[in-house]
Amino acid sequence: MVQSAKPTQPIWCPGCGDFALLACVKKAAAELKIPTHELVLVGGIGCSGSIHNFLEINGLHALHGRLLAQAVGVKLANPNLTVFAAGGDGDGYAIGMGHFMHAFKKNVSILYIVMNNETYGLTKGQPSPTSQIGFEGNIEKPFDAILTALSIPAPNFIARTFSGDPKTLTAVLKEALEFNRAHRGFAFIEDLSPCVTYNDTYKLWRERVVDVSKLPGYDASDRKAMFRLCMEAMDSGKIPIGVMHRPPEGAPLDPALETRVLPAGALGPARADIEIEPNRAAYAKLLHSVA
Ligand SMILES: Cc1ncc(C[n+]2csc(CCOP(=O)(O)OP(=O)(O)O)c2C)c(N)n1
Ligand code: SF4
Ligand SMILES: [Mg+2]
């Protein structure tokens, strides 16, 4: 159900990494001066997915793993809105994996944020697709969302951030939102957001994160080189963070989906004139076509 509500107090555990992301989203939207009524956040199911309740924003609570389909629908209905989808690693990389892959291909100008804590926090700490071997009996190697995103050849914005570094997180959020607002396509940010109750990774991640932009050979427009750079960092026990892909400025791009399916300058179906009288002939034609 869509709500444009007054924010409530977060119900997260004290110290949860999601608090940092919440604060940075507020800061990024405020610094970009995006009017509140133009912001929509579609939340997944999980601790992370309740984030829209704590923001002054139009919010929609999606089904588990289905938030991207709903966020894409919102954007196509009204392309002038700034649309976020936000949820957890379980939501996005387990039940929602099919939608995850296709979102990159579709290339709609929305920002998808995954708060990755390597566990199902809300349901009390079971292993998720990103859990390390040995966590709660997990015997599978963790999935890496950045490598998967880099392997899909579409002109998306791709980044990983860490809730322990709010300055960079805010800067990356602002860049992603500006990318969306210029109708340049899909933006994905995986935020490393520790679950202090069931999988407290703050210390470990602080020791292991490495800023990719400081590595020799960094070029965010070169997918192949970035894939190698990330793999090499991971092989040496590091977790690469930073902007992993941004299409080169001014390069010919596959246009974002909303600019391909809607006429130029269209307000979108949500703002179309649906008055009966001026549209009577069009409605009659439509009714005949389905009779
Ligand atoms: C269709 C469906 N299957 C399973 C669940 C149970 N469930 C609720 S949240 C969740 C996973 C939460 O983990 P994650 O998405 O990583 O979010 P977090 O709580 O860690 O932020 C699951 C399996 C559900 N609500 N709906
Ligand atoms: S259970 Fe974990 S993810 Fe959920 S609010 Fe608490 S610390 Fe955050
Ligand atoms: Mg999780």
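Residues numbered from 1 in each chain as written. Chains lettered and ligands numbered in written order. Predicted model: local features only at pLDDT ≥ 70, side-chain atom pairs only at ≥ 80, totals over all residues.

Chemist: What should I look at first to understand the packing of helix α2 (residues 67-77) against helix α4 (residues 97-106) in this one?
Modeler: How two helices pack is summed up by the angle between their axes together with the distance between the axes. Where α2 meets α4, the axes come as close as 9 Å, and the angle between the chain directions of the two elements is 30 degrees. The orientation of α2 with respect to α4, classified from their angle, is roughly parallel. Facing α2, whose interface residues are Leu68, Ala69 and Val72, α4 presents His99, Phe100, Ala103 and Lys106. Its residues assigned to classes, the contact of α2 with α4 comprises five nonpolar, one polar and one charged. (Axes fitted to C-alpha atoms, helices over the stretch in contact; angles between N-to-C directions. Helix = DSSP H or I, 4+ residues; strand = E, 2+ residues; numbered from the N terminus. Parallel < 35°, antiparallel > 145°, perpendicular 65-115°, else oblique. Contact = placed C-beta atoms within 7 Å. Nonpolar A, V, L, I, M, F, W, Y, C, P; charged D, E, K, R; others polar.)

Chemist: So what exactly am I meant to see when it comes to the nonpolar core here?
Modeler: One recurring pattern in soluble globular proteins: nonpolar side chains tend to sit buried together. One finds Val42, Ile110 and Ala176 to be the most contacted residues of the largest nonpolar core, which totals 67 residues. Per-element accounting of this core gives the leading share, seven residues, to helix α1 (residues 18-31). Among the nonpolar cores identified, the runner-up in size contains five residues, and Cys16, Cys47, Cys195 and Tyr198 belong to it. (Core = buried A, V, L, I, M, F, W, Y, C linked by C-beta atoms within 7 Å. Buried ≥ 20, exposed ≤ 12 C-beta atoms within 10 Å, placed from the backbone.)

Chemist: How do you make sense of the site of ligand 1 when you look at a structure like this?
Modeler: Of all residues adjacent to ligand 1, which total 18 residues, the nearest are Gly46, Ser48, Gly88, Gly90 and Gly121. Among the elements of the structure, β4 (82-88) and α3 (89-95) are those that each provide at least two residues to the shell around ligand 1. The residue makeup of the shell around ligand 1, split by class, is five nonpolar, eleven polar and two charged. (Near = placed C-beta within 6 Å.)

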